[in-house]
Amino acid sequence: MSRLNIVVGITGGIAAYKAVGVVRALVLAGHDVHVVPTEGALRFVGRPTLEAISRNPVHTDLYEGVAEVRHVAIGQAADLIVIAPATANSIAKLAAGLADDLLGNTVLASEAPIVIAPAMHTEMWLNQATAANVATLRERGVTIVGPAVGQLTGADSGPGRMEEPDVIVAAALARAAAAAGLPRDDLSGRRVVVTAGGTREPLDPVRFLGNRSSGKQGVAIAEAARARGAQVTLIAANLEVAAPGGCDIRSVSTARELQAAVTEAAAGADLVVMAAAVADYRPAEVSESKIKKQPGDDGLTLELVRNPDILAGLGHAPHEGTLLVGFAAETEPDDERLLALGAAKLEAKGADLLVVNRVGWAEGFARDDNRVVILGRDGVRARADGSKMSVAHGILDVAVQHLREQAAPDPGVAREQPAPSG
Ligand code: CTP
């Protein structure tokens, strides 16, 4: 995405210290960031920190810089406004359209998309006044990120904790790109490998063991990566949808064929996305001729043997310079347990990111929409839902951010230990 002029508003809550991580990630992503803290925010985080991290002067006072009409100039120039944390009070002021400080004026004077990350105690979040204010903002097109459920300031926990900086940044940039209808070229010069579809393990010349994956999500990722400038190799396992143009397509059928193709293509790639559903077992023997019913039998027992775990093989081999993204198809209905299964799978496979995808009789497969959580080594990196194409871009947004962080390691600001917010 081209360089955006982004205003980061910070309001007075303890989570203000985490806003430094938001500013830093946006600067690292190449954007021009102007921080507008409220007076309350400056009690939690110092102006010098915000100026150093944003690389721009930080203003709060409505009556400074009057000659340059600062109270409207900052908002007019903005391509995107991100407010993190947004306290209950600041949400009420935004909903009412108050302009009694520089941030209020900036918002009112701007036509840019607005993304806010609420942070407050659970009672305040659930209060009807806050709920009505949030509903008003949503109706006006404001994107609300979070709040997450977790430990708050003090002993209590529940919904109200500010989302992690990475999640806020991914949502904010996706919103800005969608608002501008921007073609993104942030994968230009990168080599991307995507596996898509479902493997089939033959039993005999006419039968196989397969799965319900249509390949739609993987194909959307390949198309999205291509549109963002990448050179894409698509390893296509029995797709039920048309393969996209502009990609190098390698057709495979079984898990072992997929393993050979992806192992070869992954060497030297910047990003490997393992979206294909791979059979964990295959028949121990493949019959050369059609298996016939035997007179008098009332069943057939198949012996299956384990297939290689391809992702774990790549993940546990040295893969420096190659970002490895796995998928987890899970039927677990409970959200918390679903994420715990995802975190365990990420670790077991040695992947860098894992896209957790709930599947079921009526969810996930062959549909045009999808809903996923993208996990990193340190927890939730983003959530994406909508068409499989918009989910594909959501996954690539996180991958691109990760590739950038690898190129410019973070000294620790954006990756602090989770700490109470409220
Ligand atoms: N995968 C793989 N090789 C296999 C099985 C899965 O590379 N033999 C990859 C998939 O492409 C996906 C990830 O591993 O990116 C997780 O797949 P999933 O089916 O969710 O998990 P499994 O490893 O098969 O574990 P289980 O079925 O026990 O949950």
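Since the structure is predicted, the reported quantities are computational estimates derived from the model, not experimental observations.

## Some words on the overall build of the protein chain
Part 1 of the argument: A tally of helices and strands in the protein chain yields 13 helices and 19 strands.
Part 2 of the argument: Computed over C-alpha atoms, the radius of gyration of the protein chain comes to 24 Å, within 12% of the 22 Å expected from 2.2 N^0.38 for 422 residues, which places it in the range of a compact globule.
Part 3 of the argument: Along the three orthogonal principal directions, the C-alpha set of the protein chain runs to about 90 × 45 × 35 Å.
Part 4 of the argument: Looking at the protein chain residue by residue over its 422 residues, the buried ones come to 51%.

## A few points about the site of the ligand
Part 1 of the argument: Residues in contact with the ligand amount to 15 residues; listed here are only the nearest, Met 274, Leu 311, Phe 327, Lys 345 and Lys 349.
Part 2 of the argument: Between the ligand and the protein, one listed contact pairs an oxygen atom with a side-chain N or O atom of Lys 349 at 2.4 Å.
Part 3 of the argument: Look at the ligand: alone it shows 570 Å² of surface, and the protein chains cover 77% of it.
Part 4 of the argument: Given that more than half its atoms are within 2 Å of the pocket grid, the ligand belongs to the second largest pocket.
Part 5 of the argument: Counting only elements with at least two residues in the shell around the ligand, the list comes to helix H11 (310–316), strand S16 (323–330) and helix H12 (335–349).
Part 6 of the argument: Class assignment of the residues belonging to the shell around the ligand gives a composition of ten nonpolar, one polar and four charged.

## As for the packing of helix H1 (residues 16–28) against helix H8 (residues 165–180)
Part 1 of the argument: Two elements in contact, H1 and H8, have axes whose closest approach is 9 Å; the angle formed by their N-to-C orientations is 45 degrees. Overall, the two elements H1 and H8 adopt an arrangement that is oblique. Of the two possible hands of crossing, H1 and H8 adopt the one that is right-handed. Facing H1, whose interface residues are Lys 18, Gly 21, Val 22, Ala 25 and Leu 26, H8 presents Pro 165, Ile 168, Val 169 and Leu 173.
Part 2 of the argument: When grouped by side-chain class, the residues that make up the contact of H1 with H8 number seven nonpolar, one polar and one charged.

## Quick look at the layout of surface pockets
Part 1 of the argument: Quantified by volume, the second largest pocket comes out at close to 780 Å³.
Part 2 of the argument: What lines the second largest pocket is a set of 34 residues, and nearest its centre among them are Ala 275, Ala 276, Ala 277, Val 278 and Ala 329.
Part 3 of the argument: When residues of the lining of the second largest pocket are traced back to their parent elements, those giving at least two are strand S8 (191–197), helix H9 (216–227), H11, S16 and H12.
Part 4 of the argument: Residues belonging to the lining of the second largest pocket are distributed by class as follows: 17 nonpolar, eleven polar and six charged.

## Some words on the nonpolar core
Part 1 of the argument: One finds Ile 6, Ile 10, Leu 26 and Ile 168 to be the most contacted residues of the largest nonpolar core, which totals 43 residues.
Part 2 of the argument: Sorting elements by how many residues they give to this core places H1 first, with eight residues.
Part 3 of the argument: Taken domain by domain, the makeup of this core includes at least three residues from each of domain 1 (5–180) and domain 2 (191–291 + 300–407).
Part 4 of the argument: Setting aside residues up to four positions removed in sequence, Ile 168 forms contacts with Val 22, Val 82, Ala 84, Ala 117, Val 145, Met 162 and Glu 163.

## Focus: the domain arrangement of the protein chain
Part 1 of the argument: Split by domain assignment, the protein chain resolves into domain 1 (5–180) and domain 2 (191–291 + 300–407).
Part 2 of the argument: Distance from the C-alpha centre of domain 1 to the C-alpha centre of domain 2: 36 Å.
Part 3 of the argument: The contact between domain 1 and domain 2 buries some 710 Å² in all, and 50% of this surface belongs to carbon and sulfur atoms.
Part 4 of the argument: Counting the surface domain 1 buries against domain 2, the share from its top three residues, Asp 166, Val 167 and Ala 170, is 53%.
Part 5 of the argument: Inspection of the region where domain 1 meets domain 2 yields two salt bridges.
Part 6 of the argument: Ionic pairing is found between Asp 166 and Arg 381, a salt bridge with its closest N-O pair at 3.2 Å.
Part 7 of the argument: Secondary-structure elements contributing two or more residues to the side of domain 1 that touches domain 2 are H1 and H8.
Part 8 of the argument: If you tally residues by element for the side of domain 1 that touches domain 2, the top one is H8, at five residues.
Part 9 of the argument: For the side of domain 1 that touches domain 2, the class distribution of residues is seven nonpolar, no polar and two charged.

## Quick look at empty space enclosed by the protein
Part 1 of the argument: Under the defined criterion, the tally for this structure stands at two cavities of 30 Å³ or more.
Part 2 of the argument: By volume, the second largest cavity amounts to about 40 Å³.
Part 3 of the argument: Around the second largest cavity sit Ala 25, Leu 28, Ala 29, Gln 401, Arg 404 and Glu 405, which together line it.
Part 4 of the argument: The set of elements that each furnish at least two residues to the lining of the second largest cavity consists of H1 and helix H13 (388–407).
Part 5 of the argument: Take the lining of the second largest cavity: its biggest share by element is three residues, from H13.

## With respect to H1
Part 1 of the argument: Spanning 13 residues, H1 covers 19 Å between terminal C-alpha atoms, matching the ideal 18 Å at 1.5 Å per step.
Part 2 of the argument: H1 sits mainly inside the fold: eleven of its 13 residues count as buried.
Part 3 of the argument: All of the buried residues along H1 are Ala 16, Lys 18, Ala 19, Val 20, Gly 21, Val 22, Val 23, Arg 24, Ala 25, Leu 26 and Val 27.
Part 4 of the argument: Following H1 by one or two positions, Gly 30 has its phi on the positive side, about 95 degrees.

## Considerations on the environment of Arg 3
Part 1 of the argument: Note that Arg 3 resides in the segment before strand S1 (5–10).
Part 2 of the argument: Of the residues examined, Arg 3 reaches a relative accessible area of 58% and is grouped as exposed.
Part 3 of the argument: Taking the C-alpha atoms as reference, Arg 3 lies 9.9 Å from Val 33; in sequence the two are 30 residues apart.
Part 4 of the argument: If sequence neighbours within four positions are ignored, Arg 3 has contacts with Gly 30, His 31 and Asp 32.
Part 5 of the argument: Polar contacts involving the side chain of Arg 3 include one to the main-chain carbonyl oxygen of Gly 30, which spans 3.1 Å.

The rules behind each value
- The numbering scheme is per chain: residues are counted from 1 as the chain's sequence reads.
- Restriction of local features to residues with pLDDT of at least 70 applies here, the model being predicted, together with a cutoff of 80 or more for giving and counting side-chain atom pairs; totals for whole chains, interfaces and linings are based on all residues.
- Neither water nor hydrogens contribute to the side-chain values; these are computed over all heavy atoms in the structure.
- Here a strand is any run of E in DSSP of at least two residues, a helix any run of H or I of at least four, and the numbering for each starts at the N terminus.
- We compute the radius of gyration from the C-alpha atoms alone; for a globule the expected value is 2.2 Å times N to the 0.38, where N is the number of residues.
- Only protein chains enter the calculation, and the probe is 1.4 Å; a residue is then buried if its accessible area is under 20% of its type maximum, exposed if over 50%, and partly exposed in between.
- We call a residue near a molecule or strand whenever a single non-hydrogen atom of that residue lies within 4 Å of it.
- Here a polar contact is recorded for every N or O atom pair within 3.5 Å, except that within protein the pair must consist of a potential hydrogen donor and a potential acceptor, and residues adjacent in sequence are included only if both atoms are side-chain atoms.
- Calculation of accessible area relied on Shrake-Rupley with a 1.4 Å probe; when residues are assessed, cover is drawn exclusively from the protein chains displayed.
- Here a cavity means grid points, on a 1 Å grid over the protein atoms only, where a 1.4 Å probe fits yet cannot get out; a pocket means an open set of points with protein on both sides within 12 Å along at least five of seven lines; lining residues are those with an atom within 4 Å of a point.
- More than half of a molecule's atoms lying within 2 Å of a cavity's or pocket's grid points is what places that molecule inside it.
- Under the scheme applied here, ten amino acids are nonpolar (Ala, Val, Leu, Ile, Met, Phe, Trp, Tyr, Cys and Pro), four are charged (Asp, Glu, Lys and Arg), and all others, including Gly, are polar.
- Comment: axis = line fitted to C-alpha atoms, over the contacting stretch for helices; angle = value between 0 and 180 degrees taken between N-to-C directions.
- Convention used here: angles under 35 degrees read as roughly parallel, angles over 145 as roughly antiparallel, angles from 65 to 115 as roughly perpendicular, and any remaining angle as oblique.
- Handedness of a helix crossing follows the sense of rotation of the near helix relative to the far helix, less than a right angle counterclockwise being left-handed and clockwise being right-handed.
- By definition, residues are in contact when any of their heavy atoms lie within 4.5 Å.
- Grid points are joined across faces, edges and corners, and a volume is the space filled by probe spheres set on the points.
- To qualify as a nonpolar core, a set must consist of buried Ala, Val, Leu, Ile, Met, Phe, Trp, Tyr and Cys residues joined through side-chain atoms within 4.5 Å.
- For each domain, the first and last residues come from an automatic or database assignment.
- Summed over both partners, the accessible area (1.4 Å probe) lost when two parts come together is defined as the buried area.
- Within this document, salt bridges are pairs made up of a side-chain nitrogen of Lys or Arg and a carboxyl oxygen of Asp or Glu, the two lying within 4 Å of each other.
- Each residue after the first adds 1.5 Å to the expected span of a helix.

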